[in-house]
Amino acid sequence: MAVPYPPDGPHAYSQDKEHRVSVATKVIEASIDELPSWDTISQRLADHLGLSLVLDRERAAVQDAFLTAELDLEWTGVVVYEGDHFRRAGQPSDPIPVPPDALRRVAEAVWSLGWPSPGHKPSRSIHECFLALNGQYRHCDVYWAMHKYLKGNRLRVVRRNWMLLKNVEAVLADPTLTIEERAELERELEHDLVNDYVAWLDRRDVRKHLFTNGREADLYDRERQVIIEAKANHRDDVMVAHGMGQAMYYRSLDQLGPDDRIAVLLPGRPGDEVVRLLWVYDVGLIYRDDEAFKEEWP
């Protein structure tokens, strides 16, 4: 969840997060005269909180606290983020703070960078946008401009990857992504797809199903007795076939029964060859169609 924009009003955090943000603020202020990097402060904060940057959940808690504290310190004019290090504010070269009524101008500057830009990967992080603007704006102003005016409008964001709303396939094919980054991106896209489908159905009986062997189906429609497996890219034939195989395996488990139907949930309709493959194995197809979802069955 994005850090709230200060002019939008006060926002209350949980007691645990308030503590972590308070510690992060103290760590940043204590380190600032060393011109510390993001990584340096991250490690120091993790040490103070007794958390590990190796473990995904703990690393996320550290980075969330760090980002919240850093944005607040930038917003209040205490620190400046130079891109590779932090320093105290107060130098003639400090970016001029952007008032709320001018924040849209920052969003337009980010948009003018090009999405995607020739010669660049199809997604960008906020940090990469901030650097591309060459210090014209504060990091915090770039962050809030993108979240308030570009997110869900012109761009979508998955983790730190900002991309065109309909450019997911290109981002997944980006050769600069590591195996871990691609897997994380796929999980997030599948999570969003599942949530959108459940919200569109508006039924509480469609939810994840955990089997006794520890495996978990993305969704089980109990009323219609349908096991549903989601995949992030409908244009990747192997990925769709993998989802089909997972759903077939889940149907073989005795907790639900062999008479249940199975289907794959996709962000779009795959090619005809893949559809024929689904029909051969008696697998249904559910896919996004603008703001709704369509179903096709063998």
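Up top is the structure these notes are about.
Now for a description of the structure that goes with this document. The model shown is predicted, which means the values in this text are computed figures rather than measured ones.

In this section: the packing of aromatic side chains. A full pass over the atoms with the stated rule returns 15 aromatic pairs. Summarising the aromatic geometry, the rings of Trp38 and Phe66 are spaced 4.3 Å apart at their centres and angled 35° between planes, so their arrangement reads as tilted. Of this pair, Trp38 sits in helix 2 (residues 38-49) while Phe66 is found in helix 3 (residues 56-75), placing the two residues 28 residues apart along the sequence. Trp38 gets classed as partly exposed once you look at its relative accessible area, which sits at 22%. Take Phe66: its relative accessible area is 0%, and that puts it in the buried class. Judged by centre distance (5.8 Å) and plane angle (50°), the ring pair of Tyr249 and Tyr250 falls under tilted. Relative accessible area serves as the criterion here: at 35%, Tyr249 is assigned to the partly exposed category. By relative accessible area, which is 5% here, Tyr250 ends up buried. These aromatic residues form a ring-pair network of at least three members: Trp38, Phe66, Tyr81, Phe86 and Phe130. In this structure, Arg124 packs its charged tip against the face of Trp115, placed 5.0 Å from the ring centre.

The next thing to look at is the sheet that holds strand 9 (residues 283-289). Sheet architecture is open: 6 strands sit in the order 5-6-7-8-9-10, paired in mixed fashion. The sheet terminates laterally at strand 5 (206-210) and strand 10 (292-296), the two strands that pair on one side only. Direction aside, neighbouring strands of the sheet carry axes that sit 35° apart on average. The strands touched by helix 8 (residues 179-201) within the sheet are strand 5, strand 6 (216-221), strand 7 (226-230), strand 8 (261-266), strand 9 and strand 10, with strand 10 carrying the most contacts at an inclination of about 90°. Where helix 10 (residues 272-280) meets the sheet, it contacts strand 8, strand 9 and strand 10, and its direction lies at approximately 140° from that of strand 9.

The rules behind the values
- Residues numbered from 1 in each chain as written.
- Predicted model: local features only at pLDDT ≥ 70, side-chain atom pairs only at ≥ 80, totals over all residues.
- Heavy atoms only, no water.
- Phe/Tyr/Trp six-rings, centres within 6.5 Å; stacked < 30°, edge-to-face > 60°.
- Helix = DSSP H or I, 4+ residues; strand = E, 2+ residues; numbered from the N terminus.
- Buried < 20%, exposed > 50% of the residue type's maximum accessible area, 1.4 Å probe, protein only.
- Lys NZ or Arg CZ within 6 Å of the ring centre and 35° of its normal.
- Pairing = 2+ DSSP bridges.
- Axes fitted to C-alpha atoms, helices over the stretch in contact; angles between N-to-C directions.
- Contact = heavy atoms within 4.5 Å.

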